[in-house]
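Chain by chain, the residues run as shown.
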Amino acid sequence: MANELEPLTDLQKRIRLISLQPGFLIKQRVSKYLIEKALKEFDEDYKRFLIAGESKRNEIGMPFLVKGKTAEIGVLLVHGYMAAPFEMKELAGYMARMGIWVYAPRVKGHGTSPEDLAGRKYEEWIKSVEDGYAIMSSLCRRVVVGGFSNGAGLALELASRIKNISGVFAICPPLKLKDFSSKFVPAVDAWNRLMERFGREGAKKEFVENRPENPHINYSRNPVSGIRELERFMESVEPKLSAVKAPALVVQAHNDPVVSPKGSRRVYELLGSENKSYVVFNINRHVIVTGEGAHLVHKAVGDFIGSLGASGVSRET
């Protein structure tokens, strides 16, 4: 019995030592551990799913942290479906110039290869964002969450459950997809099940071609299972939107070829936030966080964060 109890005594001593440390030091250690864990997981996934000539450079998919001037406020910035943290670099740079801390997590299944994404469930995407929030809440007193496309949906899902979030912004959040490939998923799923039944695994259609706006970031093949998970995720988020109470901003491209403006408008209407805004830009693209016209989106998001009253945050012009 003494041998059994001895390890517990050692554990108790360790806990006492931890409890005597200042709170800010414990938070720093927590954030350091979680960041190192995220980087290790990415490195392992990248090596496991690497496809020569198809996978992007590893810095495209690597999660990143941008240090701000003050620990008053930080932003958790979530990339879109089939994309990677690098997609959010321009917006993160804009925020950095405002003095804001930014952490861009890698959503599981992304930044490696389509085969990685094909085996993921949307609950794993949610877990990636939860870990990112734990990092930012350990580094900053107040946290704003936001994202683009599916990343916007993930930010809203988080905001529906965590009540002390200071604000949430959603850029082109999907509730309805205009992308034609999503409409074929039920038929493709039925075909794949039929082929499995008759032992024709080689005849299954597991991917559809993707022609992304940013081929240096996005996958060129879209897993059918991933589209199905995206639809399931959107269905799960819609009834949660009324639980979002934090100040909110929804941004949409008027002629978005992927996400229906009717869907993002519906997102805005369903939000339970008393303080909320809906902004539409006359841009004929889906990925409006980069490229021509992106500065308008960056400014809208920056102004929103500035309106939350965080000290030490400067306005970009």
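Residues numbered from 1 in each chain as written. Predicted model: local features only at pLDDT ≥ 70, side-chain atom pairs only at ≥ 80, totals over all residues. Heavy atoms only, no water.

(A) Summary view of the overall build of the protein. Along its length, the protein carries twelve helices and nine strands. Here the protein holds 317 residues, and 52% of them are scored as buried. Long-range contacts, defined here as pairs at least 24 residues apart, represent 75% of the contacts in the protein between residues at least 6 apart. Of the roughly 15,500 Å² of accessible surface on the protein, a fraction of 55% belongs to carbon and sulfur atoms. (Helix = DSSP H or I, 4+ residues; strand = E, 2+ residues; numbered from the N terminus. Buried < 20%, exposed > 50% of the residue type's maximum accessible area, 1.4 Å probe, protein only. Contact = heavy atoms within 4.5 Å. Areas by Shrake-Rupley, 256 points an atom, 1.4 Å probe, with all protein chains shown as cover.)

(B) Up close: the nonpolar core. Ranked by internal contacts, the top residues of the largest apolar core, which has 51 residues, are Leu 76, Trp 125, Val 145, Leu 154 and Val 168. Counting residues per element, this core draws most heavily on helix H6 (residues 122-139), at eight residues. Beyond its immediate stretch of four places on either side in the chain, Leu 76 contacts Tyr 103, Pro 105, Val 129, Gly 132, Tyr 133, Met 136, Val 144, Val 145, Gly 146 and Leu 158. One finds Leu 77, Tyr 94, Ile 171 and Val 287 within the second-largest nonpolar core, a separate group that totals 32 residues. (Core = buried A, V, L, I, M, F, W, Y, C linked by side-chain atoms within 4.5 Å.)

(C) Spotlight on the pattern of salt bridges. A complete count under the given rule lists 27 salt bridges for this structure. When the shortest N-O distance is used, the salt bridge between Lys 37 and Glu 41 registers 3.1 Å. One end of the pair is Lys 37 and the other is Glu 41, both in helix H2 (residues 23-49) and four residues apart, which spans about a single turn. Given a relative accessible area of 26%, Lys 37 falls into the partly exposed group. A salt bridge links Asp 116 to Arg 120, with the nearest nitrogen and oxygen atoms 2.9 Å apart. Like Asp 116, the residue Arg 120 is buried in the burial classification. Shared partners join several salt bridges into a network, and the residues in it are Asp 45, Arg 106, Lys 108, Asp 116, Arg 120 and Glu 124. (Salt bridge = Lys/Arg side-chain N within 4 Å of Asp/Glu carboxyl O.)

(D) Structural context of the sheet that holds strand S4 (residues 142-148). The strand order across the open sheet built from seven strands is S1-S3-S2-S4-S5-S8-S9, with neighbouring strands paired in mixed fashion. If you trace the sheet from one side to the other, it starts and ends with strand S1 (64-66) and strand S9 (276-281), each paired once. Across the sheet, the mean angle separating the axes of adjacent strands is 15 degrees when strand polarity is ignored. Two elements, strand S2 (residues 73-78) and strand S3 (residues 101-104), share three bridges in a ladder whose sense is parallel. Its bridge partner being in S3, Val 75 is matched across the sheet by Val 102. On top of the sheet, H6 reaches S1, S2, S3 and S4; it is set at about 165 degrees to S2, its chief contact. (Pairing = 2+ DSSP bridges. Axes fitted to C-alpha atoms, helices over the stretch in contact; angles between N-to-C directions.)

(E) Here's a closer look at the packing of helix H4 (residues 89-97) against helix H12 (residues 294-306). Running from amino to carboxyl end, H4 crosses H12 at an angle of 45 degrees, the nearest separation of the two axes being 10 Å. By the angle class used here, H4 and H12 are oblique. Crossing geometry of H4 relative to H12 is assigned as right-handed. For the pair H4 and H12, the contacting residues are Glu 90, Leu 91, Tyr 94 and Met 95 in the first and Ala 294, His 298, Lys 299, Val 301, Gly 302 and Ile 305 in the second. For the contact of H4 with H12, a count of residues per class yields six nonpolar, two polar and two charged. (Parallel < 35°, antiparallel > 145°, perpendicular 65-115°, else oblique. Left-handed = near helix turned anticlockwise from the far one by under 90°. Nonpolar A, V, L, I, M, F, W, Y, C, P; charged D, E, K, R; others polar.)

(F) Inspection of the packing of aromatic side chains at higher detail. This structure, assessed with the given rule, holds five aromatic pairs. The interplanar angle of 50 degrees and the centroid separation of 5.8 Å between the aromatic rings of Tyr 122 and Phe 233 together place this pair among those described as tilted. Linking Tyr 122 in helix H6 with Phe 233 in helix H10 (residues 224-237), this pair joins segments that are 111 residues apart in sequence. Tyr 122 gets classed as buried once you look at its relative accessible area, which sits at 15%. Since its relative accessible area comes to 1%, Phe 233 is described here as buried. (Phe/Tyr/Trp six-rings, centres within 6.5 Å; stacked < 30°, edge-to-face > 60°.)

(G) Summary view of the side chain of Ser 128. Checked against the element boundaries, Ser 128 lands in helix H6. Within the structure, Ser 128 has its side chain in polar contact with the backbone nitrogen of Lys 108 (distance 3.1 Å). Setting aside residues up to four positions removed in sequence, Ser 128 forms contacts with Pro 105, Arg 106, Val 107 and Lys 108. (Polar contact = N/O pair within 3.5 Å; in protein donor to acceptor, adjacent residues only side chain to side chain.)

(H) Representation of H6 in the model. Here H6 spans 26 Å end to end across 18 residues, near enough to the 26 Å set by a 1.5 Å rise per residue. Among the residues of H6, Tyr 122, Trp 125, Ile 126, Ser 128, Val 129, Gly 132, Tyr 133, Ile 135, Met 136, Ser 138 and Leu 139 are the ones counted as buried. (Expected span 1.5 Å × (residues − 1).)

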